[in-house]
Amino acid sequence: MTIKHIAIIMDGNGRWATLRKRPRTFGHQAGVKTVRSTIKTCVEQGVPNLTLFAFSSENWSRPVKEVQKLMDLFMRSLSKETPELLKQGVQQNFIGNLSRFSPKLQQKMKNVAAMRPEKLNMNLNIAVNYGGKWDVIQAARKLGQDLSSKKITADEVSEGVFNNYMSLADQPAVDLLIRTGGEHRISNFLLWQIAYAEIFFEDVLWPDFNPEELIRVMDQFHSRERRFGKTSEQVNLDAN
Ligand code: FPP
């Protein structure tokens, strides 16, 4: 089965830096290099959709200085990386509650998202100030508005219809979710979109997650049987 959508929780930057007796932001800078190599590998492997958890709604509670440095890093990375990403056929999208960012950063994200590559090879979704519960609630709110304006009736609300209100509605569900850094948690990342995802928890810290590791996980994904609630026999019959 081909992989249509990979999602990644990039964890372990801070510990990677601490191990080297450097400030945590040094780890985030190293993390950007891994973001770059991961995107390149996904494009080379023909993965059409990649979603990265860059900043969670809970991350605001970090020390002000670290949050500020992360914002600066996003801003700089967006300017620096975008020309090469466009060359690779990567379309950038931002998901999350963007209203909490500075007007300057919001404008930057808007500008970057408006730049279309000549030939689209991959959607890169960057989740910032994102939370899986927030996503369900913003969808419910929009749906509620359409219900009250009678654009839709309650009986018409199906999984497919609800999905249309979620972030990433235009992209297939996540096949493969990877979390680096050794924790076994979803941390309020995509919830609705990972209903049937295969989940890989990797001990490696994000700055050390190299293309070989990614390809190894993709190979393991292919060797896992995805049954979607069916029996093995049914899955084998479907495949033949
Ligand atoms: C988690 O590591 C990582 C983050 C909160 C930030 C991720 C950001 C980047 C990799 C850089 C910028 C990304 C883009 C898309 C330009 P952590 O700090 O929680 O590490 P720890 O668990 O070891 O403390």
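Predicted model only: the values in this text are computed from it and were never measured.

### As for the layout of surface pockets
Okay, so step 1: Of the voids in this model, the largest pocket is the one considered here, and its volume is about 810 Å³.
Okay, so step 2: Forming the walls of the largest pocket are 41 residues, and the residues nearest its centre are Met10, Phe53, Ala54, Phe55 and Phe74.
Okay, so step 3: When residues of the lining of the largest pocket are traced back to their parent elements, those giving at least two are α1 (13-19), α2 (24-44), β2 (49-56), α3 (64-87), β3 (90-95), α4 (103-114) and β4 (122-130).
Okay, so step 4: Here the lining of the largest pocket is composed, by residue class, of 22 nonpolar, 11 polar and 8 charged.
Okay, so step 5: Computed from the structure, the second largest pocket encloses a volume of approximately 350 Å³.
Okay, so step 6: Along the walls of the second largest pocket sit 20 residues, with Asn163, Ala173, Trp192, Gln193 and Ala195 positioned nearest its centre.

### With respect to unusual backbone geometry
Okay, so step 1: A positive phi is found at Lys21, a non-glycine position, where the angle reads about 55°.
Okay, so step 2: For Lys21, the position within the fold is in the loop between α1 and α2.
Okay, so step 3: Positive phi is not limited to glycine here, since Lys150 has a value of about 65°.
Okay, so step 4: Among the secondary structure elements, Lys150 is positioned in the loop between α5 (132-148) and α6 (159-163).

### A few points about the site of the ligand
Okay, so step 1: Neighbouring the ligand are 16 residues, the closest being Asp11, Gly14, Arg15, Arg24 and Arg62.
Okay, so step 2: Separating an oxygen atom of the ligand from a backbone N or O atom of Asn13 is a distance of 3.1 Å.
Okay, so step 3: Take Gly14: an N or O atom from its main chain is 3.0 Å from an oxygen atom of the ligand.
Okay, so step 4: Burial of the ligand by the protein chains amounts to 91% of its free accessible area of 620 Å².

### Let's talk about a positive patch on the surface
Okay, so step 1: Together, Lys33, Lys65, Lys69, Arg76 and Lys80 make up a positively charged patch on the protein surface.
Okay, so step 2: Of all the elements, α3 adds the most residues to the positive patch, at 4 residues.
Okay, so step 3: Mapped onto the elements, Lys69 comes out in helix α3.

### Some thoughts on the packing of aromatic side chains
Okay, so step 1: Overall, the coordinates contain 11 aromatic pairs when judged by the stated rule.
Okay, so step 2: Judged by centre distance (4.3 Å) and plane angle (15°), the ring pair of Phe53 and Phe189 falls under stacked. Here Phe53 is found in strand β2, whereas its partner Phe189 is found in the loop between β5 (176-179) and β6 (198-201), with 136 residues between them in sequence. Residues Phe53 and Phe189 agree in their burial class; the two are buried.
Okay, so step 3: Relative to Phe101, the ring of Trp60 has its centre 5.4 Å away and its plane inclined at 45°; by these criteria the two rings are tilted. Pair noted here: Trp60 is in the loop between β2 and α3 and Phe101 is in the loop between β3 and α4, with a separation of 41 residues, a long-range link.
Okay, so step 4: A residue is classified by how much of its surface remains accessible, and Phe101, at 4% relative accessible area, is buried.

Definitions and limits used
- Residues numbered from 1 in each chain as written.
- Predicted model: local features only at pLDDT ≥ 70, side-chain atom pairs only at ≥ 80, totals over all residues.
- Heavy atoms only, no water.
- 1 Å grid on protein atoms, 1.4 Å probe; cavity = no way out; pocket = protein on both sides within 12 Å on 5 of 7 lines; lining within 4 Å.
- Points joined across faces, edges and corners; volume = space filled by probe spheres on them.
- Helix = DSSP H or I, 4+ residues; strand = E, 2+ residues; numbered from the N terminus.
- Nonpolar A, V, L, I, M, F, W, Y, C, P; charged D, E, K, R; others polar.
- Near = heavy atom within 4 Å.
- Polar contact = N/O pair within 3.5 Å; in protein donor to acceptor, adjacent residues only side chain to side chain.
- Areas by Shrake-Rupley, 256 points an atom, 1.4 Å probe, with all protein chains shown as cover.
- Patch = residues over 30% accessible without salt bridge, like charges linked within 9 Å, V, L, I, M, F, W, Y side chains within 5 Å.
- Salt bridge = Lys/Arg side-chain N within 4 Å of Asp/Glu carboxyl O.
- Lys, Arg positive; Asp, Glu negative; His and termini not counted.
- Charge placed at Lys NZ, Arg CZ, Asp CG, Glu CD.
- Phe/Tyr/Trp six-rings, centres within 6.5 Å; stacked < 30°, edge-to-face > 60°.
- Buried < 20%, exposed > 50% of the residue type's maximum accessible area, 1.4 Å probe, protein only.

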